[in-house]
Amino acid sequence: KSPFFFCDVYFVRRAAAENKLIFPPSFANTVVKEELLMVTAFFRTVLLYFLIIIGLRFMGKRQIGELEPTELVLTMLLSDLASVPMQDFGIPLVNGIVPIVTLLSLSMLLSYGSLRSVRFRTLLCGEPTLIIRSGHILQDAMRRNRLTVDELLEALRGQGISDLQEVKYAVL
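Each residue is numbered by its place in its chain's sequence as written, counting from 1. Per-residue local features of the predicted model are confined to residues with pLDDT of at least 70, and side-chain atom pairs are confined, for both listing and counting, to 80 or more; whole-chain, interface and lining totals are unaffected and use all residues. Side-chain measures were taken over the full set of non-hydrogen atoms in the model, leaving aside hydrogen atoms and water.

Student: Looking at this model, I keep getting lost on the overall build of the protein. Mind explaining?
Tutor: Going along the chain from the N terminus, every DSSP run of H or I of four or more residues is numbered as a helix, and every run of E of two or more is numbered as a strand. Secondary structure assignment for the protein yields seven helices and three strands. Along its sequence from the N terminus, the protein presents helices and strands in the succession α-α-α-α-α-β-β-α-α-β. Accessible surface is estimated by sampling points in the Shrake-Rupley manner with a 1.4 Å probe; for residues, cover comes only from the protein chains shown. Carbon and sulfur atoms make up 62% of the accessible area of the protein, which totals about 12,800 Å².

Student: Just to check I follow, could you spell out the packing of helix α3 (residues 69-87) against helix α4 (residues 94-116) for this structure?
Tutor: Packed helix pairs are characterised by how far apart their axes lie and by the angle those axes make with each other. A fitted line through C-alpha atoms serves as each axis, taken over the contacting stretch for helices, and the angle formed by two N-to-C directions is quoted from 0 to 180°. Contact geometry for α3 and α4: axes closest at 9 Å, N-to-C directions at 165 degrees. Looking at the two axes, α3 sits roughly antiparallel to α4. In terms of crossing hand, the pair formed by α3 and α4 is left-handed. Each of L74, L77, L78, L81, A82 and P85 in α3 lies in contact with α4, whose residues at this interface are G96, P99, I100, L103, L104 and S107. Of the residues belonging to the contact of α3 with α4, the class tally is 10 nonpolar, two polar and no charged. The labels follow the angle: roughly parallel below 35 degrees, roughly antiparallel above 145, roughly perpendicular from 65 to 115, and oblique for the rest. Should the near helix be turned anticlockwise from the far one by less than a right angle, the crossing is termed left-handed; should it be turned clockwise, right-handed. In this analysis, two residues are considered to be in contact whenever any of their non-hydrogen atoms come within 4.5 Å of each other. Following the grouping adopted for this structure description, the nonpolar residues are Ala, Val, Leu, Ile, Met, Phe, Trp, Tyr, Cys and Pro, the charged ones are Asp, Glu, Lys and Arg, and the polar ones are all others, Gly among them.

Student: Which parts of the structure should I look at to understand the pattern of salt bridges?
Tutor: Opposite charge on two side chains permits pairing when their charged atoms draw close. The salt bridge criterion pairs a side-chain nitrogen of Lys or Arg with a carboxyl oxygen of Asp or Glu, the two atoms within 4 Å. Counted under the stated rule, the structure contains one salt bridge. R143 serves as the salt-bridge partner of D140, at 3.0 Å between the closest nitrogen and oxygen. One end of the pair is D140 and the other is R143, both in helix α6 (residues 139-144) and three residues apart, which spans about a single turn.

Student: Explanation requested: the packing of aromatic side chains in the structure shown.
Tutor: In this description, a pair of aromatic rings is defined by centroid distance and the angle of the planes. Classification of ring pairs rests on two measures: the distance between centres of Phe, Tyr or Trp rings, Trp counted by its six-membered ring, which must be within 6.5 Å, and the angle between planes, read as stacked under 30 degrees, edge-to-face over 60 and tilted in between. Applying the stated criterion across every chain yields a total of two aromatic pairs. Taking 5.2 Å as the distance between ring centres and 75 degrees as the angle between the ring planes, the aromatic pair formed by F42 and F43 counts as edge-to-face. F43 gets classed as exposed once you look at its relative accessible area, which sits at 53%. Only protein chains enter the accessibility calculation, which uses a 1.4 Å probe; a residue whose area is less than 20% of its type maximum is buried, one above 50% is exposed, and one in between is partly exposed.

Student: For this particular structure, what's the right way to read the nonpolar core?
Tutor: As a rule of thumb, soluble globular proteins bury nonpolar side chains together. Among the buried residues, those of types Ala, Val, Leu, Ile, Met, Phe, Trp, Tyr and Cys that are joined through side-chain atoms within 4.5 Å form a nonpolar core. Core analysis: the largest hydrophobic core is formed by nine residues, namely L48, I52, L74, L78, A82, L93, I100, L103 and L104. If you list the elements that add at least two residues to this core, you get α2 (25-59), α3 and α4. In this structure, A141, L152, V167 and A170 belong to the second largest nonpolar core, which totals eight residues.

Student: Please explain α3 as it appears in this structure.
Tutor: Note that an α-helix has 3.6 residues per turn; residues three or four places apart therefore point the same way. Helix span, as expected, comes to 1.5 Å for every residue beyond the first. Compared with an ideal rise of 1.5 Å per residue, which puts 19 residues at 27 Å, α3 spans 28 Å between its outermost C-alpha atoms and is within 8% of the ideal. Every buried residue of α3 is accounted for by E71, L74, L78, A82 and P85. Within α3, the buried residues cover an arc of 65 degrees as seen down the axis, which keeps them to one side. The exposed residues of α3 that point more than 90 degrees off its buried face are P69, M76 and Q87. The arc in question is the one traced by the directions running from the helix axis out to the C-beta atoms.

Student: Help me out: how do you make sense of a nonpolar patch on the surface in this one?
Tutor: Patch rule: a residue counts if its relative accessible area is over 30% and it has no salt bridge; like charges are joined within 9 Å, and nonpolar side chains (Val, Leu, Ile, Met, Phe, Trp, Tyr) within 5 Å. Residues Y49, F50, I53, I54, F58 and M108 make up a contiguous nonpolar surface patch of roughly 620 Å² in combined accessible area. Sort the elements by how many residues they give to the nonpolar patch and α2 lands first, with five residues. Here I53 lies in helix α2. Relative accessible area serves as the criterion here: at 35%, I53 is assigned to the partly exposed category.

Nothing here speaks to function; it is geometry throughout.
Okay, structure coming up:
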């Protein structure tokens, strides 16, 4: 398609209206169909975008690095579910909206459950782990969480701590 597709469509329609069409009418129908598909794709994309933004706003504010594993999985699933109805016009838009709304509702339900129950929160999010106590690294805790000493030291440097002895305790 040319970058001037919409201009081409305008001139095809104008020529068809004036009966000065120099190519078959089937070409004009094809051009109009392609234009409708592009407009449909535009509105589907806008609708799904706002649906996901509103849903993510209900989930709360967090940066990507602060996402719980369930929230990260939800974000990846939402992006995949939203891409299918945007690209495939054979799939009704409702078939894309229903799973997105279902996942967002399930996420909010799980979030509500984790706020109400400590056991449920522990099951869903895990327990905090002490990895430094009085300047000493707890190797067993590091091993259980698959955290290397280099990663730990990098995180400490990011917090402005250069000496391990300065740390009274660190929780992961």
